Number of protein chains: 2
Amino acid sequence: MDIEQFRKAGYQAIDRICDFYYSLESRNVVSSVEPGYLRRALPTAPPEQGEDFSKIADDYQQLIIPGLTHWQHPSFFAYFPTACTFEGILGDVYASSVSNPGFNWGCSPACTELEAVMTDWAAQLLGLDNAFLNTTGVGGGVIQTSASDSVLTVVVAARSLYCKTHPGVGLDKLLLYTTSQTHSVGAKAALVLGLKERSLDVNLDDGFGLRGEALQMALDEDIKAGLHPFFIIATIGTTSSGAIDHLSEICSVAQSYPSLWIHVDAAWAGVTLACPEYREICHLDYINRYVHSFCTNFHKWGLVNFDASLLWVRNRKHLTDALDVTPQFLRTAQGDAGTVIDYRNWHLGLGRRFRSLKIWFVLRSYGAEGFRKYIRKGIDLNKVFSTWVSSSPLFELVTPPSFALTVFRMKLPPSKDHHTTSQDFLTRKLFERLSARKDIQVTQTVLHGIFCIRFAIGAERTEEKHVMAAFSLLCDEARKVNEDI
Amino acid sequence: MDIEQFRKAGYQAIDRICDFYYSLESRNVVSSVEPGYLRRALPTAPPEQGEDFSKIADDYQQLIIPGLTHWQHPSFFAYFPTACTFEGILGDVYASSVSNPGFNWGCSPACTELEAVMTDWAAQLLGLDNAFLNTTGVGGGVIQTSASDSVLTVVVAARSLYCKTHPGVGLDKLLLYTTSQTHSVGAKAALVLGLKERSLDVNLDDGFGLRGEALQMALDEDIKAGLHPFFIIATIGTTSSGAIDHLSEICSVAQSYPSLWIHVDAAWAGVTLACPEYREICHLDYINRYVHSFCTNFHKWGLVNFDASLLWVRNRKHLTDALDVTPQFLRTAQGDAGTVIDYRNWHLGLGRRFRSLKIWFVLRSYGAEGFRKYIRKGIDLNKVFSTWVSSSPLFELVTPPSFALTVFRMKLPPSKDHHTTSQDFLTRKLFERLSARKDIQVTQTVLHGIFCIRFAIGAERTEEKHVMAAFSLLCDEARKVNEDI
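Since we're looking at a predicted model, the values are computed, not measured.

(A) Just the overall build of chain A, in detail. Assigned secondary structure in chain A consists of 16 helices and eleven strands. In terms of overall size, chain A behaves like a compact globule, its C-alpha atoms giving a radius of gyration of 24 Å where 485 residues would be expected to give roughly 23 Å. Viewed in the frame of its principal axes, chain A has a C-alpha envelope of about 70 × 70 × 45 Å. With 485 residues in all, chain A has 66% of them scored as buried. Positive and negative side-chain charges of chain A, numbering 46 and 52 respectively, have mean locations separated by a distance of 1 Å.

(B) Fine view of the UniProt feature "modified residue: N6-(pyridoxal phosphate)lysine" (unreviewed entry) in chain A. Residue and element names in this part refer to chain A. Sites flagged by UniProt as "modified residue: N6-(pyridoxal phosphate)lysine" (unreviewed entry) map to Lys300. You can see Lys300 is positioned in helix 11 (residues 298-301). Ignoring sequence-local partners within four residues, the contact set of Lys300 consists of Phe80, Pro81, Thr82, Ala83, Ala267 and Trp268.

(C) Inspection of the packing of helix 14 (residues 356-390) of chain B against helix 16 (residues 464-484) of chain B at higher detail. Residues and elements named next belong to chain B. For the pair helix 14 and helix 16, the least separation of the axes is 10 Å and the interaxial angle reads 20 degrees. Classified by the angle between their axes, helix 14 and helix 16 sit roughly parallel to one another. Crossing hand, helix 14 versus helix 16: right-handed. Mapping the contact onto sequence places Leu381, Val384, Phe385, Trp388 and Val389 in helix 14 and Glu464, Val467, Met468, Phe471 and Leu474 in helix 16. Class assignment for the residues of the contact of helix 14 with helix 16 results in nine nonpolar, no polar and one charged.

(D) Broad picture of the side chain of Arg409 of chain B. Residue and element names in this part refer to chain B. Looking at where Arg409 falls in the secondary structure, it is placed in strand 9 (residues 405-410). A distance of 3.4 Å separates a polar atom in the side chain of Arg409 from a polar atom in the side chain of Gln423. Once residues within four sequence positions are removed from consideration, Arg409 is found in contact with Leu394, Phe395, Glu396, Val398, Gln423, Asp424, Thr427, Ile450 and Phe451.

(E) The relation of the copies chain B and chain A, seen in detail. When chain B is fitted to chain A, the residual RMSD is 0.0 Å, and the transformation amounts to a turn of 180 degrees plus an axial shift of 0.0 Å. Overall, the copies show the geometry of a two-fold rotation axis. The residues that chain B uses at the interface reappear at the interface of chain A in 100% of cases, marking a shared surface.

(F) Main features of the sheet that holds strand 9 of chain B. Residue and element names in this part refer to chain B. Here four strands make up an open sheet; going across it, the order is 8-9-11-10 and the pairing antiparallel. Strands at the two margins of the open sheet, each flanked by one partner only, are strand 8 (395-397) and strand 10 (443-447). Within the sheet, the average angular offset between the axes of one strand and its neighbour, ignoring direction, is 45 degrees. In terms of strand pairing, strand 10 meets strand 11 (residues 450-456) through five bridges, oriented antiparallel. Looking across to strand 11, one finds that Gln444 is bridged to Ile453. The sheet contacts of helix 15 (residues 423-436) involve strand 8, strand 9, strand 10 and strand 11, and relative to strand 11 the element is tilted by about 40 degrees.

(G) Structural view of the interface of chain B and chain A. Opposite the 146 residues of chain B that make contact, chain A presents 146 residues. At the junction of chain B and chain A, the tally comes to twelve salt bridges. Glu48 of chain B is the salt-bridge partner of Arg372 of chain A, the closest N and O atoms lying 2.2 Å from each other. Counting the contacts that link chain B with chain A gives 67 residue pairs in polar contact (both at pLDDT 80 or more). At 17 residues, the largest contribution of residues to the side of chain B that touches chain A is made by helix 1 (residues 3-23) of chain B. Residue classes in the side of chain B that touches chain A are distributed as 75 nonpolar, 44 polar and 27 charged.

Criteria and cut-off values
- Residues numbered from 1 in each chain as written.
- Chains lettered and ligands numbered in written order.
- Predicted model: local features only at pLDDT ≥ 70, side-chain atom pairs only at ≥ 80, totals over all residues.
- Heavy atoms only, no water.
- Helix = DSSP H or I, 4+ residues; strand = E, 2+ residues; numbered from the N terminus.
- Rg over C-alpha atoms; globule rule 2.2 N^0.38 Å.
- Buried < 20%, exposed > 50% of the residue type's maximum accessible area, 1.4 Å probe, protein only.
- Lys, Arg positive; Asp, Glu negative; His and termini not counted.
- Charge placed at Lys NZ, Arg CZ, Asp CG, Glu CD.
- UniProt positions renumbered as here; feature names shortened; annotations may be inferred.
- Contact = heavy atoms within 4.5 Å.
- Axes fitted to C-alpha atoms, helices over the stretch in contact; angles between N-to-C directions.
- Parallel < 35°, antiparallel > 145°, perpendicular 65-115°, else oblique.
- Left-handed = near helix turned anticlockwise from the far one by under 90°.
- Nonpolar A, V, L, I, M, F, W, Y, C, P; charged D, E, K, R; others polar.
- Polar contact = N/O pair within 3.5 Å; in protein donor to acceptor, adjacent residues only side chain to side chain.
- Least-squares fit on C-alpha atoms with pLDDT ≥ 70 in both.
- Pairing = 2+ DSSP bridges.
- Salt bridge = Lys/Arg side-chain N within 4 Å of Asp/Glu carboxyl O.

Encoded structure:
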């Protein structure tokens, strides 16, 4: 493809993306394809001769789009949102056009420098302490692919630090704390690194947030048993129910255990820190004063296209001490002089894409004000939705609404007694009915044995009318469940 | 930004990318900016009010482009190439426009299915055995970010498998083999996982490729010392000199150690397997018969924009056994039924971008024939270049040319004796002179104490005239080095 053919195919791509967004609301949220649909439609091997791009572009429309789940659809309420803004797409276009592996400053100075400035911008947007800014030369921010990668990176840093400061302690004695509500990133980090993990109990009365007392008991037990707890993941806004660990208590307990690395996983809810009114509930003061690392994914609810998981550390040396391997062929004058950041030593891999560009585009185009407005819209819509749920005879909240997430289940209808059915049975039936539909998507969870439906708001195009339509649909399906029993 | 504003900004982006490529050859390869240039040019925090996108797009031109190193420049001969094709950019554009985290089949069926079909297409393009195809339901391919991530993933799989089959063996007894020429991905994997690594010696006479005998000696020593060698990285085309480990011998030795996982890192040179004439030198038969995993980066010399590191395993269960953590909120009917691939269990993180799209676009647009033609062009250009080097009175080859890489150093000029200077001194001086220029980029390496210059061909726009101009420039600079001593 030459430059003019690219111009033509590029214009066509832009036009087709516009068409896609004009038609998005009229499409189903969920794809109707069956497993194997695409393999059956494609040849088994690449063509021997090159094909005309117009044919390839048409195949994208005909074969790929019908196989997509539309996370940007205004009636997508599953999982958590995945951002997709036009600014984000443009950032990806420009970044892809100057493809480079970005592993050190010299690879492309603009990539490293913009990443350092953008993580500083984002830190200030969220109210993080200056200690987390790259300008300190001590702390700093880095873009990772996902919260899993962020956790894995800091667990490696914490493990290396702990082993260095506690020589002779075997890896099999190290212990990582999560809770039963921590995202599976915690269990996966332990699995990947071959480390022990202990999942601490939390309960409904505490809103599924970890208490300091539970941590203290675990520390007492585990240290007595000869183990070395070196890392704890505290979550601000869990995936199942949006629960918030009691970070003030956790930090207070941890003061007696200076080698315990506190990582805050705020993958989803961290962006609410942009709004001053949510800083207290998110324990910002404690994040700023005590935690070693903090992560939030701008690609979830933060308007930046996947991937943009932002990780900040209070001491960058803990990352680079654990991750720096610099062979001759990667040495540079600037790196040797220590005057620049070499981001390859801040993450697990080597090569990295130019992801800061889309953050720059989004933060400038929306402005801090526009960013906050969007976050508040999601929370406001969820207030409306959760009020409808809690005042409905059909449903009840399982946990208090959290930011833009509502977790609920069906009530027993007054006509039925507890011997013939259960709330779990009804809620599962409702979820089955919803899952059979293609015009809405929600997800399930189980909280202390209670089967629940999660309703997460945050797609950029979701307005009150979509939430209202979704609630009406939920009521219709719930009534049918009740009629069927 | 609304849909029509996006259309306008999108057209502008396409036009500006066209302008960029029309002007690329007239630009410098290497950026002239000084560390901190961008921070000084940007405000310290995001703007409070949103800005007009045209201003942002102009700032990209004025602030970012001057800070880029142009890996697509025809005079870029540093590191290894990083692919950037128009087809790849278009793949990224469409993928970004339907942003989703792709962690399981239901997330977006097209993403999972296209990845499975594309890794099968690529396997067939390279001549990999059917055992590596996803259609087997046993082996399979997956797209990772980089060769580092690929190695890390299979080391985790191998470690879990080894620990399962060798209960009671502590992690501190496990040993991973690399060579002194293995890319730093090996050392980094060991560092990240807290495992022992042993770097085996290789030497110039063997072309810096690992011999079976050296492996056998190491195994004898290490097992005798109570260690458990469980993993070896064999490289097809090392970064320093393009060396090829003697895989036939390695596999032969490994037959007596069935628990030793053999991973082939062909990050750069693996794409030459597309051309049948390079399959023997790359030990394809041994890859197909014996190795557990194989990786090549299509984003290097394979025309697909970064990132597209393709990893194949002979047994996917070794990945999923090591990496599967499925909480309630990630359960799906299709995943539970086992009828689909859930790629989240094939890599370290959870979320993943829609990277198969750009592979589809590239392989269809070029066709297998076009792909092979491009690979052969790079190798042919390197034959020409290395012949000039070896027949020049100024230079000598340090190792035989490997595919599209030449590693050379300066000769002592006949007028100088060995007491007043050294080849290393001259070559370092030459490298310094080259590094001070902005119109070409090459990189350094050290092979057994010998300071060398690497010259890697493979940028899509590099033609013979660029290689000729580069050689002429090298000769001029070398003559100046000789004049200065």
